[in-house]
Amino acid sequence: MKNKEKRYLPSSGLAFAEETIMSRLSKLAEEGWLLDSFAPLGFWLKRGEPQRLIYSLDMRDVTEDERRDYYDTFWSGGWTPVCSTGNIHIFAAAAGTPPIYSDRETHREKYIPMTRWVGWVALVSILLFGGVLTSELILMSGAEPLLNKDSWAFKVGLGLQGLTLMIGVPCLMMYVAYRWRLWKNR
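Basis of the calculations
- Residues numbered from 1 in each chain as written.
- Predicted model: local features only at pLDDT ≥ 70, side-chain atom pairs only at ≥ 80, totals over all residues.
- Heavy atoms only, no water.
- Helix = DSSP H or I, 4+ residues; strand = E, 2+ residues; numbered from the N terminus.
- Rg over C-alpha atoms; globule rule 2.2 N^0.38 Å.
- Buried < 20%, exposed > 50% of the residue type's maximum accessible area, 1.4 Å probe, protein only.
- Lys, Arg positive; Asp, Glu negative; His and termini not counted.
- Charge placed at Lys NZ, Arg CZ, Asp CG, Glu CD.
- Contact = heavy atoms within 4.5 Å.
- Polar contact = N/O pair within 3.5 Å; in protein donor to acceptor, adjacent residues only side chain to side chain.
- Pairing = 2+ DSSP bridges.
- Axes fitted to C-alpha atoms, helices over the stretch in contact; angles between N-to-C directions.
- Patch = residues over 30% accessible without salt bridge, like charges linked within 9 Å, V, L, I, M, F, W, Y side chains within 5 Å.
- Areas by Shrake-Rupley, 256 points an atom, 1.4 Å probe, with all protein chains shown as cover.
- Salt bridge = Lys/Arg side-chain N within 4 Å of Asp/Glu carboxyl O.
- Phe/Tyr/Trp six-rings, centres within 6.5 Å; stacked < 30°, edge-to-face > 60°.

## Regarding the overall build of the protein
Reasoning step 1: Summing up its helical and strand segments, the protein has 4 helices and 6 strands in all.
Reasoning step 2: Its helices and strands taken in sequence order, the protein reads β-α-β-β-β-α-β-β-α-α from the N to the C terminus.
Reasoning step 3: For 186 residues, the compact-globule estimate of 2.2 N^0.38 gives 16 Å, and the C-alpha radius of gyration of the protein, at 22 Å, exceeds that figure by more than 25%.
Reasoning step 4: Taking the principal axes of the C-alpha coordinates as reference, the protein spans close to 75 × 45 × 35 Å.
Reasoning step 5: Here the protein holds 186 residues, and 36% of them are scored as buried.
Reasoning step 6: A gap of 8 Å separates the mean positions of the 22 positive and 20 negative side-chain charges of the protein.

## Description of the environment of arginine 104
Reasoning step 1: One can find arginine 104 in helix α3 (residues 104–140).
Reasoning step 2: When the C-alpha positions of arginine 104 and glutamate 136 are compared, they lie 47 Å apart, and in sequence the two are 32 residues distant.
Reasoning step 3: Excluding residues within four positions of it along the chain, arginine 104 makes contact with Lys184, Asn185 and Arg186.
Reasoning step 4: There is a polar contact of 3.0 Å between the side chain of arginine 104 and the backbone oxygen of lysine 184.

## Things to note about the sheet that holds strand β2 (residues 33–39)
To summarise the sheet geometry, strands pair through backbone hydrogen bonds and adopt either a parallel or an antiparallel arrangement.
Reasoning step 1: In space, the 3 strands of this open sheet follow the order β1-β3-β2, with antiparallel pairing throughout. Because the sheet does not close on itself, it has two edges, and the strands there are β1 (6–10) and β2. Strand-to-strand twist of the sheet, defined as the mean angle between neighbouring strand axes without regard to direction, takes the value 30°.
Reasoning step 2: Of the pairings in the sheet, the one linking β2 to strand β3 (residues 42–47) comprises 6 bridges and is antiparallel in character. Bridge pairing in β3 places leucine 35 opposite leucine 45.
Reasoning step 3: Where helix α1 (residues 14–30) meets the sheet, its contacts fall on β1, β2 and β3, and the angle it forms with β2 comes to roughly 145°.

## Topic: unusual backbone geometry
Reasoning step 1: Residues other than glycine seldom take positive phi values, yet leucine 41 does so here, at roughly 60°.
Reasoning step 2: Relative to the elements of secondary structure, leucine 41 occurs in the loop between β2 and β3.

## Observations concerning a nonpolar patch on the surface
Reasoning step 1: On the surface, Trp152, Val156, Leu160, Leu163, Met166 and Ile167 cluster together into a nonpolar patch covering about 640 Å² of accessible area.
Reasoning step 2: Residue placement: leucine 163 occurs in helix α4 (residues 152–184).

## Quick look at the packing of aromatic side chains
Reasoning step 1: Under the defined criterion, the tally for this structure stands at 10 aromatic pairs.
Reasoning step 2: Members of the aromatic cluster, connected to one another through ring pairs, are Tyr70, Tyr71, Phe74, Trp75 and Phe91.

This is the structure:
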């Protein structure tokens, strides 16, 4: 296993443990495991020369037209883009490089777009869950229920409830985590 060229690193979620994950990536870089890309629920690392790197995260919607200017801003500060997914971007720099975010206000700005996005997704998901549940309860109540537990409509309703909860609950948790970060950096 020590000769592997690629390695998977599970993540506990950037919303919940950003600093811990960035620190872990730095320690692994010193062992020669460099961040390569995002992976489902984690990261891919590749074998390389051990380096003293620090990693930092930025959250920003960047169009293809804006990408070059966006990266130039970081390159000028000594930071190299490593990987991106959606509006989440990870940069690396030599140990001792000034941090990307040096004051509370810019640090707060990083979380505002993601807080809004996950907040809306959580709200819509939870409202959909409530709507489907309410509809099922109404259709199942009464002297002659219009819906029974063996009907396909009931099963579809349960599936929709499960789907909305699977999306809504993690988004709600991320929303709370980002709100906490915003409050902490006020």
